Amino acid sequence: MATVSMLCVQLGLAVSVGLVDQVGATGAAWLRLFWAAVILLVIVRPHPSQFSRPALHAGIALGVVTAGVTLLFMAAVARLPLGTASAIEFLGPLGVALARSRGVGRLWALAAAGGVVCLTHPWTGTVDVVGVALALGAAGCWATYILLTQRIGDVVTGIAGLAISMPVAALVASAAVGWQVVGRLTPELLLIGVGLAILLPVVPFILELLALRRLEAGAFGTLMALEPAFALTIGFVALHQVPNTIAVVGIAFVVAAGVGAERTGGRTPVTDAPARTTQPDPVASGAAR
């Protein structure tokens, strides 16, 4: 599930290129978050009574960091080479992997870190202090996102927790950048935004929520190193961008780390939340399959 999620993310970013050209990087991110919130509210139809107070607080916090990681990373990419921004952002899941892993799990995390360095070449390009600060902010949000997503998945049944976090993320993004983009929207862009929201972030976030019910947070953080490898592979297949030797070595490192993390990082599935809705979640059974 985690690997399919990363594949969807990279495909979504690739398909978003045209949208970015018209409304900007942060504008495209806002439009995806807005439609994702609408889609999840329509599908799940959450009611406050189905959530405990801690679950509501965790969902709100998850929404804030979801908006943060999305907007901060796009702002960092506007100032830094993509490889540099990606490498800095990966410090978030790497920190989770190192903090939550033990023994061989930490070795897989370090192997993943080495692979990401080989893939992203963070030493290229000039240093932009503001860009680095934005990327570090995205890294912190990504680390918090992993921990909060696992928490939500453990205490809320189905995918109902995302119906809290995603509207919050959309509200935060609207306050930050949405007002700058509304005037440039057309019916065609709105329709494109719906399709992209399904590919990124609706499907990836659902898959990550379900994956974190089955994997330790440290193992999941290590698996995230596969994302740059997916990006490089998609670039090779779709855009005929041939990777150099160092990048191929990086792919080998992150694939090995990802396989090792998945095999050693399983966790006992958590039973459904103690505070659940009195009516069945309309998509819980389907999402769990």
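In short, a report on the structure. Everything numeric here is computed off the predicted structure, so don't read it as measured data. (Residues numbered from 1 in each chain as written. Predicted model: local features only at pLDDT ≥ 70, side-chain atom pairs only at ≥ 80, totals over all residues. Heavy atoms only, no water.)

1. Looking at the overall build of the protein chain
As a reminder of what qualifies: Runs of H or I in DSSP of at least four residues are treated as helices and runs of E of at least two as strands, each being numbered from the N terminus. Relative accessibility under 20% of the residue-type maximum defines a buried residue, over 50% an exposed one, and the middle range a partly exposed one, all with a 1.4 Å probe and only protein chains included. The contact definition used throughout considers only heavy atoms, calling two residues in contact when any of these lie within 4.5 Å. All accessible areas in this document rest on Shrake-Rupley with a 1.4 Å probe, and a residue is counted as covered only by the protein chains that are shown.
Helix and strand counts for the protein chain come out as 14 helices and 0 strands. Reading the protein chain from its N terminus to its C terminus gives the helix and strand order α-α-α-α-α-α-α-α-α-α-α-α-α-α. Put simply, the protein chain has 289 residues, and 51% of those count as buried. Long-range pairs, those at least 24 residues apart, make up 90% of the contacts in the protein chain with a sequence separation of at least 6. By element, 69% of the accessible surface of the protein chain is carried by carbon and sulfur atoms, the whole surface being about 13100 Å².

2. What to know about unusual backbone geometry
Residue Pro201 is reached from Leu200 by a cis peptide bond, and omega for that bond is 25°. With a phi close to 50°, Arg45 is a non-glycine residue in the positive phi region. Tracing the backbone shows Arg45 in the loop between α3 (25-44) and α4 (53-77).

3. Description of the layout of surface pockets
Heads up, the rule is: Only protein atoms enter the 1 Å grid used here, on which a cavity is any set of points holding a 1.4 Å probe that cannot leave and a pocket is any open set flanked by protein within 12 Å on both sides along at least five of seven lines; residues with an atom within 4 Å of a point are listed as lining. Grid points are joined across faces, edges and corners, and a volume is the space filled by probe spheres set on the points. Lys, Arg, Asp and Glu make up the charged group, whereas Ala, Val, Leu, Ile, Met, Phe, Trp, Tyr, Cys and Pro make up the nonpolar group; the residues left over, Gly among them, are polar.
Quantified by volume, the largest pocket comes out at close to 1400 Å³. With 8 residues, the top contributor of residues to the lining of the largest pocket is helix α12 (residues 226-239). Here the lining of the largest pocket is built from residues that sort into 30 nonpolar, 11 polar and 5 charged.

4. As for the pattern of salt bridges
As a reminder of what qualifies: Each reported salt bridge corresponds to a side-chain nitrogen of Lys or Arg within 4 Å of a carboxyl oxygen of Asp or Glu.
The full count for this structure, using the stated rule, is 1 salt bridge. Here Arg79 and Asp128 are joined by a salt bridge, their closest N and O atoms 3.4 Å apart. Within this pair, whereas Arg79 is found in the loop between α4 and α5 (82-89), its partner Asp128 is found in the loop between α7 (104-120) and α8 (129-155), the two being separated by 49 residues in sequence. Of the residues examined, Asp128 reaches a relative accessible area of 22% and is grouped as partly exposed.

5. Digging into a nonpolar patch on the surface
For clarity, the cut-off: Each patch groups residues whose relative accessible area exceeds 30% and which form no salt bridge, using 9 Å between like charges and 5 Å between nonpolar side chains of Val, Leu, Ile, Met, Phe, Trp and Tyr.
A grouping of Phe34, Val38 and Val42 is seen on the molecular surface, where their side chains present a nonpolar patch of about 220 Å² in accessible area. Secondary-structure assignment places Val38 in helix α3. Under the relative-accessibility criterion, Val38 is labelled partly exposed at 30%.

6. Looking at the packing of aromatic side chains
Think of a pair of aromatic rings as described by two things: how far the centres are apart, and how the planes are tilted against each other in angle. Selection rule: The pairing test for Phe, Tyr and Trp rings, Trp by its six-membered ring, is centres within 6.5 Å, and the orientation test on the planes gives stacked under 30 degrees, edge-to-face over 60, and tilted for anything in between.
Evaluated as defined, the whole model comprises 3 aromatic pairs. Each member of the aromatic cluster is reached from another via a ring pair, and the members are Trp30, Phe34 and Trp35.

7. Here's the deal with the nonpolar core
Across soluble globular proteins, nonpolar side chains have a tendency to be buried as a group. As a reminder, the rule being used: We define the nonpolar core as a collection of buried residues of types Ala, Val, Leu, Ile, Met, Phe, Trp, Tyr and Cys that are connected through side-chain atoms lying within 4.5 Å of one another.
Ranked by internal contacts, the top residues of the largest apolar core, which has 84 residues, are Phe90, Ile146 and Met166. At 11 residues, α3 tops the list of elements feeding residues into this core.

8. A closer look at helix α6 (residues 91-100)
Turning to α6, its buried residues number three or more, namely Gly92, Pro93, Leu94, Val96 and Ala97. Of the surrounding secondary structure, the elements contacted by the buried residues of α6 are α5, α7, α8 and α11 (217-223).

9. Digging into the side chain of Thr66
Along the chain, the position of Thr66 falls in helix α4. Overall, Thr66 belongs to the buried group, its relative accessible area being 2%. Ignoring anything within four residues of it in the chain, the contact list for Thr66 reads Leu33, Tyr145, Ala169 and Phe205.

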